[in-house]
Structures are given as C-alpha cells and as structure tokens.
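Coordinates in review
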Amino acid sequence: MLRAVREAAPLLKNAVISPHWEPIPGASALAAVEEVVADTDADLGFRMLLRLLDEVSPSLTQEQYSHYQALGRRFGYGEDHVTEKLEQLIRQG
C-alpha cells in the first residue's frame, strides 16, 4: 500500500487540495495519507488516497488504474468502489 502512495506522488505533489476553502498542498496531503497507511490503517489510507485522486482528477495510465483496482479487491471493496472514483481518469491512447 505504501507503494501506491509513493506512486501517486507525481500526480499529487503540485496539486492544491480544496483551493477554494482551506488550501492544502498536495504533497502535505499525500504525506498525511502515507502516515495513516504506515501508522494507523492501510484500508483507511487507501480510501483517503482514492478521495485525493478523485478531487485532483489526474490522468491515470491503465496500469495505475489496474493497480488501484487490485488494491481495492485486496481490501474487499465491492466491484464498483474503485471504478466509480477513478475510471474517468484513465488516459486514452
């Protein structure tokens, strides 16, 4: 799971989360997710990562998307849990 967080770094490091409310640098948000994964609960950390990706809407490769789907299956998520958050982010072509 830490691998997934680290792989998301290029997608989120320059992003701003909630720019119209209390802006949080993407790198800081990602560091918080990594801390949750390492110190608290990997499942919660993965859910937080999915929310960040959904918020920022970066382009994902099919390989990245497949990796997130596999993680979701490992956590016992329903078939659509990852799909509804990330499917629209897959880069075409």
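The model shown is predicted, which means the values in this text are computed figures rather than measured ones.

1. Overview of unusual backbone geometry
Despite not being glycine, Ser57 has its phi angle at roughly 55 degrees, a positive value. The topology assignment puts Ser57 in the loop between helix 3 (42–56) and helix 4 (62–74).

2. Concerning a negative patch on the surface
Residues Glu79, Asp80, Glu84 and Glu87 make up a contiguous surface patch of negative charge. Within the secondary structure layout, Glu84 lies in helix 5 (residues 79–86).

3. Digging into the nonpolar core
By size, the foremost hydrophobic cluster in this structure holds 25 residues, and its most contacted members are Met1, Leu12, Phe46, Leu49, Tyr68, Val82 and Leu86. Elements supplying a minimum of two residues to this core: helix 1 (2–12), helix 2 (26–39), helix 3, helix 4 and helix 5.

4. Concerning the packing of aromatic side chains
In the structure shown here, the tally under the stated rule is four aromatic pairs. Between Phe46 and Tyr68 the ring centres are 6.4 Å apart and the planes differ by 35 degrees, which places this aromatic pair in the tilted class. With Phe46 in helix 3 and Tyr68 in helix 4, this pair connects stretches of sequence that are 22 residues apart. This pair shows no difference in class: Phe46 is buried, exactly as Tyr68 is. Linked through ring pairs, Phe46, Tyr68, Phe75 and Tyr77 together constitute an aromatic cluster.

5. Side note on helix 3
Over its 15 residues, helix 3 extends 21 Å from the first C-alpha to the last, a length consistent with the 21 Å expected when each residue adds 1.5 Å. Directly beyond the C-terminal end of helix 3, a positive phi value near 55 degrees is found at Ser57.

6. What to know about the pattern of salt bridges
Scanning all chains against the criterion turns up three salt bridges. With a shortest N-O distance of 2.7 Å, Arg3 and Glu7 are connected by a salt bridge. With a gap of four residues between them, Arg3 and Glu7 both fall in helix 1, about one helical turn apart. One salt bridge in this structure joins Glu34 and Arg6, with 3.0 Å as the shortest N-O distance. A residue pair is termed long-range when its members are at least 10 positions apart, and Glu34 in helix 2 and Arg6 in helix 1 qualify at 28 residues. Residue classification places Glu34 among the partly exposed residues on the basis of a relative accessible area of 27%.

7. Digging into the side chain of His67
Topologically, His67 is positioned in helix 4. A distance of 3.3 Å separates the side chain of His67 from the side chain of Glu7, its partner in a polar contact.

The rules we used
- Residues numbered from 1 in each chain as written.
- Predicted model: local features only at pLDDT ≥ 70, side-chain atom pairs only at ≥ 80, totals over all residues.
- Heavy atoms only, no water.
- Helix = DSSP H or I, 4+ residues; strand = E, 2+ residues; numbered from the N terminus.
- Patch = residues over 30% accessible without salt bridge, like charges linked within 9 Å, V, L, I, M, F, W, Y side chains within 5 Å.
- Areas by Shrake-Rupley, 256 points an atom, 1.4 Å probe, with all protein chains shown as cover.
- Salt bridge = Lys/Arg side-chain N within 4 Å of Asp/Glu carboxyl O.
- Lys, Arg positive; Asp, Glu negative; His and termini not counted.
- Charge placed at Lys NZ, Arg CZ, Asp CG, Glu CD.
- Core = buried A, V, L, I, M, F, W, Y, C linked by side-chain atoms within 4.5 Å.
- Buried < 20%, exposed > 50% of the residue type's maximum accessible area, 1.4 Å probe, protein only.
- Phe/Tyr/Trp six-rings, centres within 6.5 Å; stacked < 30°, edge-to-face > 60°.
- Expected span 1.5 Å × (residues − 1).
- Polar contact = N/O pair within 3.5 Å; in protein donor to acceptor, adjacent residues only side chain to side chain.

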